[in-house]
Amino acid sequence: SRLRRLGMLLSSSCCPNQLALVDVKGFDPSDVSVVVRDGKVTVSAEHKEEHNTLLGKTCNYKRFMKEFSLPPGVDEDEVTYSV
């Protein structure tokens, strides 16, 4: 399953301090936001596309959000991320 593969990837990671991997496939890096506050990490992404056609305007919209708690003892200022 997808969750099992993610767990295996995390456990085989070269960085033992890695907390999580979040799949934001389909979003540009500029669409992704990461906020660390109050002991939680929130990863969100939002993308909107508008197209004009002969029949009118169409709009595609997708949004993603995942939030998880930091383990005890982790300093919020030490958290880093990359996309």
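Here, the structure is the one placed above.
Values in this document were obtained by computation on a predicted structure and should not be read as measured data.

### Some points on the overall build of the protein chain
A count of helices and strands for the protein chain gives one helix and three strands. Listing every helix and strand of the protein chain by position from the N terminus yields α-β-β-β. The buried share among the 83 residues of the protein chain stands at 13%. By element, 51% of the accessible surface of the protein chain is carried by carbon and sulfur atoms, the whole surface being about 7000 Å².

### Topic: the sheet that holds strand β1 (residues 32–37)
In space, the three strands of this open sheet follow the order β1-β2-β3, with antiparallel pairing throughout. Each end of this open sheet is capped by a strand with a single partner; those strands are β1 and β3 (56–69). Each strand of the sheet is rotated relative to its neighbour by a mean of 15 degrees, with strand direction disregarded.

### Some details on the nonpolar core
The nonpolar side chains of a soluble globular protein tend to be buried with one another. Judged by nonpolar contacts, V24, F27, V32, V41, V43, A45, F68 and L70 together constitute the single largest core of eight residues. Sort the elements by how many residues they give to this core and strand β2 (residues 40–53) lands first, with three residues. Residues within four places of F27 in sequence aside, it is in contact with V32, A45, E46, H47, K62, R63 and F64.

### A few points about the packing of aromatic side chains
Applying the stated criterion across every chain yields a total of zero aromatic pairs. The ring of F27 carries the charged tip of K62 above its face, separated from the ring centre by 5.0 Å.

### Points about the side chain of T42
With respect to the element layout, T42 can be found in strand β2. Among the residues examined, T42 registers a relative accessible area of 17% and is labelled buried. Polar contacts involving the side chain of T42 include one to the side chain of E67, which spans 3.0 Å. Discounting chain neighbours no more than four positions away, the residues touching T42 are S33, V34, V35, M65, K66 and E67.

### Concerning the pattern of salt bridges
For the coordinates displayed, the defined rule picks out three salt bridges. Measuring nitrogen to oxygen at the nearest pair gives 3.8 Å for the salt bridge that ties K40 to E67. Placement of the pair is K40 in strand β2 and E67 in strand β3, with a sequence separation of 27 residues. For K40, a relative accessible area of 35% gives the class partly exposed. A salt bridge links E50 to K57, with the shortest nitrogen-to-oxygen separation between them at 3.4 Å. Exposure remark for E50: the relative accessible area of 44% places this residue in the partly exposed category. Judged by relative accessible area, K57 falls into the exposed class, the value being 58%. Through salt bridges with shared partners, a single ionic network connects K48, E50 and K57.

Cut-offs used in this document
Within each chain, residue numbers correspond to sequence positions counted from 1 in written order. Two thresholds apply to this predicted model, a pLDDT of at least 70 for residue-level local features and 80 or more for giving and counting side-chain atom pairs, whereas whole-chain, interface and lining totals are computed over all residues. Hydrogen atoms and water are omitted, and side-chain values are computed over all heavy atoms in the structure. Comment: elements are numbered from the N terminus, with helices defined as DSSP H or I runs of at least four residues and strands as E runs of at least two. Relative accessibility under 20% of the residue-type maximum defines a buried residue, over 50% an exposed one, and the middle range a partly exposed one, all with a 1.4 Å probe and only protein chains included. All accessible areas in this document rest on Shrake-Rupley with a 1.4 Å probe, and a residue is counted as covered only by the protein chains that are shown. Any two strands are treated as partners once DSSP identifies two or more bridges connecting them. Lines fitted to C-alpha atoms define the axes here, with helix axes fitted over just the stretch in contact, and angles between the N-to-C directions of these axes take values from 0 to 180 degrees. Buried residues of nine kinds, namely Ala, Val, Leu, Ile, Met, Phe, Trp, Tyr and Cys, make up a nonpolar core once their side-chain atoms join them within 4.5 Å. Only heavy atoms enter the contact rule, under which two residues are in contact if any of them lie within 4.5 Å. For Phe, Tyr and Trp, rings pair up if their centres lie within 6.5 Å, where Trp contributes its six-membered ring, and each pair is then called stacked (planes under 30 degrees apart), edge-to-face (over 60) or tilted (otherwise). Any Lys NZ or Arg CZ that is within 6 Å of a ring centre and within 35 degrees of that ring's normal is treated as a charge sitting over the ring. Any N or O atom pair separated by 3.5 Å or less is treated as a polar contact, with the protein-specific requirement of one donor-capable and one acceptor-capable atom, and with residues adjacent in sequence counted only for side-chain atom pairs. We define a salt bridge as a side-chain nitrogen of Lys or Arg found within 4 Å of a carboxyl oxygen belonging to Asp or Glu.

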